[in-house]
Amino acid sequence: MKINNICCLGAGYVGGPTMSIIAQKNPDIKVNVVDMNADKILAWNSKDLDNLPVYEPGLSKVVKEARGRNLFFSTDVNKHIEEADMIFISVNTPTKTSGKGKGYAADLKYVEACAKQIAEVSKSNKIIVEKSTVPVRTSEKIKDILTSYNTNVDFQILSNPEFLAEGTAMRDLEIPDRVLIGGDNTIEGKKAIDSLVEIYSSWVPKKNILTTNLWSSELSKLTANAFLAQRISSINSLSELCEETGADIEEVSKAIGMDSRIGKNFLKTSVGFGGSCFQKDILNLVYISRSLGLKKVADYWEQILIINEHQRDRFSKKIIKCIKNRNLKPKVLILGWAFKKNTNDTRESAAIYVANNLLNKGISIEIYDPQVKENQVNFDLSNLNPDYNKSLVNFVFEPFQNISDYNIIAIMTEWDEFMNYDWKTVYNGIKKPAFIFDGRNILNRELIKKIGFNYKGLGRE
Ligand code: NAD
Ligand code: UGA
């Protein structure tokens, strides 16, 4: 079946960029991205392309090309559901904060609300595509909801998880390692798979489009994230061992990564992984395993999160200890708030946890990030700790204006501009040697020491 009209529920970090590319590559298909958040839709429709709700290199160019041609952003959810042949569900699936599975299981209330709304509004047959990351067998739940509210039309369900990483989303979408499509092994199911394969075939080579059954597709997404996060916790755990032994984590990582069976990607040590997905997806995997009575499997995957938290705490303690032992003025300049470079997303960013640890010790912090706004910083801090001490927090736009005020600079995000600063000029105003805690190991350690700073990297002391 040829698809002419797509509706995507959810205009977030996945829905926005993904639909922009689908629309750009398929000018004959009308793509409506809808969201119940009116401010977000307003921002997606904004004339000022620098003000889109999602910051992603290359995104504004694609939006500029397709928006108003065959790409539209709207709050009229019902209208666009009704018109569509294919509906993507691209809403958030956070960790549950109450009820059964609290703190571990994925909260599917947004996905379920979408299914109900689709069922209530639909008057013609539709293909429903799970784009959100969901626990294995969620499509069964969606099917139950659809058929219990609407028996007049046929719904086919596909799983098409998204593998893009923020900061490189447009490249990841343009040349994906693979596109994964799971569907029912029935004639109708296969037809539905074919129609989604056709959409991706506009730009993705057929050999990179993998079709599977529904459950394999759902589980592959969740576990792909767990594997990636596992590598980071493995290398981060070694960074501590390096500090105790005199080995250098950068050298160890290079040596390990040159084994082609392992590979060099995702072996960069850091102050801990952040982002909206790794933690929640691993928690969910732990929950699924535990629910099935697989205690050892659950404990194994949970350890990745324990190491991640340990790495953030370890980094905070180094700073606190330095201030205490040297009797320094308790004030830290935090460079970077986003969970990684080239995104304005701060969800689960290590910076939030480290800042909170410092505030709990009465240390004041000044924060700078090239893409994150001040209200987001306040939101993140109060979300973690509603009673945080606001008087200790300052958001700055010119981080080096009062540079001699700080004894400690902590790099939390690997933004290129931090790496490319003229650190020599930065140092000029400082009377006594200040400490740089390089939470991303992005600076040239030798150069920084030569200038006169005290350099503290991870796994390389
Ligand atoms: P997001 O929070 O940025 O966007 C979700 C959007 O859905 C929000 O704007 C929200 O208002 C909207 N929404 C919620 N319920 C709705 C409803 N009933 N109708 C219309 N809109 C509704 O989330 P995201 O980062 O885009 O993630 C979405 C899903 O994709 C999650 O399951 C996530 O795990 C998965 N994922 C995310 C990434 C990523 O890099 N962010 C990558 C791959 C997969
Ligand atoms: C991750 C996956 O990479 C995507 O494939 C997946 O689609 C996505 O999760 C998702 O499901 O949401 P993302 O979280 O956007 O993407 O970003 P990553 O590049 O994976 O980085 C995650 C965190 O790990 C960041 O804080 C990053 O700085 C950190 N990281 C990454 C390291 O500390 N070391 C590394 O070597 C790589």
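Everything quoted here is computed from the prediction, not taken from an experiment.

Undergrad: Explanation requested: a nonpolar patch on the surface in the structure shown.
TA: There is a patch of nonpolar side chains on the surface, built from Leu292, Leu294 and Val297 and spanning about 270 Å² of accessible area. Mapping Val297 onto the fold places it in helix α12 (residues 295-325).

Undergrad: Got a minute to help me understand the site of ligand 1 in this structure?
TA: Around ligand 1, the structure places 24 residues, and the nearest of them are Asp35, Lys40, Thr93, Glu166 and Lys280. In this structure, Thr93 approaches ligand 1 through a side-chain N or O atom, which is 2.6 Å from an oxygen atom. In isolation ligand 1 exposes 830 Å². Once the protein is present, 93% of that is buried. Classifying every residue of the shell around ligand 1 by side-chain character gives 8 nonpolar, 9 polar and 7 charged.

Undergrad: Please clarify how the site of ligand 2 should be interpreted in this entry.
TA: Around ligand 2 there are 20 residues in total, and Leu164, Ser270, Cys277, Lys340 and Arg440 lie nearest to it. One nitrogen or oxygen atom from the main chain of Glu162 is found 3.4 Å from an oxygen atom belonging to ligand 2. At a separation of 2.9 Å, an oxygen atom of ligand 2 approaches a polar backbone atom of Gly274. Relative to its free-state accessible area of 700 Å², ligand 2 is covered by the protein chains to the extent of 90%. In terms of residue count, the dominant contributor to the shell around ligand 2 is helix α9 (residues 214-245) (4 residues).

Undergrad: What is the right way to read the nonpolar core from this model?
TA: One broad trend across soluble globular proteins is that nonpolar side chains are buried collectively. Val332, Leu335, Trp337, Trp423 and Phe453 are the most contacted members of the largest nonpolar core, which has 59 residues in total. Ranked by residues supplied to this core, first place goes to helix α13 (residues 350-360) with 8 residues. Judged by nonpolar contacts, the second largest core, of 43 residues, contains Leu71, Phe88, Ala192 and Val197.

Undergrad: How do you make sense of the pattern of salt bridges when you look at a structure like this?
TA: Note that side chains of opposite charge can pair when their charged atoms are close. Within this structure, the stated rule accounts for 28 salt bridges. Of the charged contacts, one joins Lys2 and Asp28 as a salt bridge, the two residues approaching to 3.1 Å between their closest N and O atoms. Of the two residues, Lys2 is situated in the segment before β1 (5-9) and Asp28 in the loop between α1 (15-25) and β2 (30-34); the sequence distance between them amounts to 26 residues. Residue classification places Asp28 among the exposed residues on the basis of a relative accessible area of 51%. A cluster of three or more residues bridged by salt bridges with shared partners is formed by Asp248, Arg445, Glu446 and Arg460.

Undergrad: I tried to follow the side chain of Glu166 on my own but got confused; where do I start?
TA: Within the secondary structure layout, Glu166 lies in the loop between β6 (155-159) and α7 (169-174). Residue classification places Glu166 among the buried positions, given a relative accessible area of 10%. Residues within four places of Glu166 in sequence aside, it is in contact with Tyr13, Glu56, Ser276, Phe339, Lys340, Thr343, Asp345 and Arg347.

Undergrad: What exactly am I supposed to notice about helix α14 (residues 374-384) here?
TA: Residues that lie three or four places apart on an α-helix share one face, since the helix turns once every 3.6 residues. By the burial criterion, the buried members of α14 are Val377, Asp380 and Leu381. One face of α14 carries all of its buried residues, which in axial projection span an arc of 95°. Exposed residues lying more than 90 degrees from the buried face of α14 are Asn375 and Asn383. For α14, the secondary structure elements touched by its buried residues are α13, β10 (364-368) and β11 (393-395).

Undergrad: What exactly am I supposed to notice about the sheet that holds strand β13 (residues 435-438) here?
TA: Hydrogen bonds along the backbone pair up the strands of a sheet, which may run parallel or antiparallel. Spatial strand order, β11-β10-β9-β12-β13-β14: 6 strands in an open sheet with parallel pairing. Two strands lie at the open edges of the sheet, namely β11 and β14 (454-457), each paired on one side alone. Pairs of neighbouring strands in the sheet enclose a mean axial angle of 20°, with direction left out of account. Direction of pairing for β10 relative to β11: parallel, over a ladder of 3 bridges. Paired with Ile365 across the two strands is Val393, which belongs to β11.

Undergrad: For this particular structure, what's the right way to read the pairing of strand β7 (residues 179-183)?
TA: The side chains of a regular strand alternate between the sheet's two faces. Buried residues dominate β7, accounting for 5 of its 5 residues. In terms of handedness, the path from β7 via helix α8 (residues 187-201) over to strand β8 (residues 209-213) forms a crossover that is right-handed.

Undergrad: Would you take a moment to explain unusual backbone geometry for this structure?
TA: Most peptide bonds take the trans form, and the phi angle of most residues other than glycine is negative. Its identity as a non-glycine residue notwithstanding, Phe266 has a phi of 60°, on the positive side. Even without being a glycine, Asn342 presents a positive backbone phi close to 65°. Here Asn342 is to be found in the loop between β9 (331-335) and α13. Asn342 gets classed as partly exposed once you look at its relative accessible area, which sits at 22%.

Undergrad: Could you clarify how one ought to interpret the pairing of β13 in this entry?
TA: On β13, burial covers both faces: Phe435 and Phe437 on one face and Ile436 and Asp438 on the other are all buried. Sheet analysis places strand β12 (residues 408-411) next to β13, joined by 4 bridges and oriented parallel. Counted as the bridge partner of Ala410 is Phe437 from β13. Examined bridge by bridge, β13 and β14 share 4 bridges and lie parallel to one another.

Undergrad: So what exactly am I meant to see when it comes to the packing of aromatic side chains here?
TA: The geometry of an aromatic ring pair is captured by the separation of the ring centres together with the interplanar angle, meaning the angle of the planes. Scanning the entire structure with this criterion turns up 16 aromatic pairs. Aromatic pair Tyr200 and Trp203: ring centres 5.5 Å apart, planes at 45°, arrangement tilted. Judged by centre distance (4.7 Å) and plane angle (75°), the rings of Tyr427 and Phe453 are edge-to-face. You can see Tyr427 sitting in helix α16 (residues 423-427) and its partner Phe453 sitting in the loop between α17 (445-451) and β14, a full 26 residues away along the chain. Assigned by exposure class, Tyr427 and Phe453 land together as buried. Joined through ring pairs, the aromatic side chains of Tyr368, Phe400, Phe418, Tyr421, Trp423, Tyr427 and Phe453 make up one cluster. The ring of Phe72 has Lys30 sitting right over it, with the charged end atom 5.5 Å from the ring centre. A cation sits over an aromatic face here: Arg312 above Tyr353, 3.7 Å from the ring centre.

So, how was this worked out
Residues numbered from 1 in each chain as written. Chains lettered and ligands numbered in written order. Predicted model: local features only at pLDDT ≥ 70, side-chain atom pairs only at ≥ 80, totals over all residues. Heavy atoms only, no water. Patch = residues over 30% accessible without salt bridge, like charges linked within 9 Å, V, L, I, M, F, W, Y side chains within 5 Å. Areas by Shrake-Rupley, 256 points an atom, 1.4 Å probe, with all protein chains shown as cover. Salt bridge = Lys/Arg side-chain N within 4 Å of Asp/Glu carboxyl O. Helix = DSSP H or I, 4+ residues; strand = E, 2+ residues; numbered from the N terminus. Near = heavy atom within 4 Å. Polar contact = N/O pair within 3.5 Å; in protein donor to acceptor, adjacent residues only side chain to side chain. Nonpolar A, V, L, I, M, F, W, Y, C, P; charged D, E, K, R; others polar. Core = buried A, V, L, I, M, F, W, Y, C linked by side-chain atoms within 4.5 Å. Buried < 20%, exposed > 50% of the residue type's maximum accessible area, 1.4 Å probe, protein only. Contact = heavy atoms within 4.5 Å. Arc of directions from axis to C-beta. Pairing = 2+ DSSP bridges. Axes fitted to C-alpha atoms, helices over the stretch in contact; angles between N-to-C directions. Right-handed = clockwise from strand over helix to strand, strands pointing away. Phe/Tyr/Trp six-rings, centres within 6.5 Å; stacked < 30°, edge-to-face > 60°. Lys NZ or Arg CZ within 6 Å of the ring centre and 35° of its normal.

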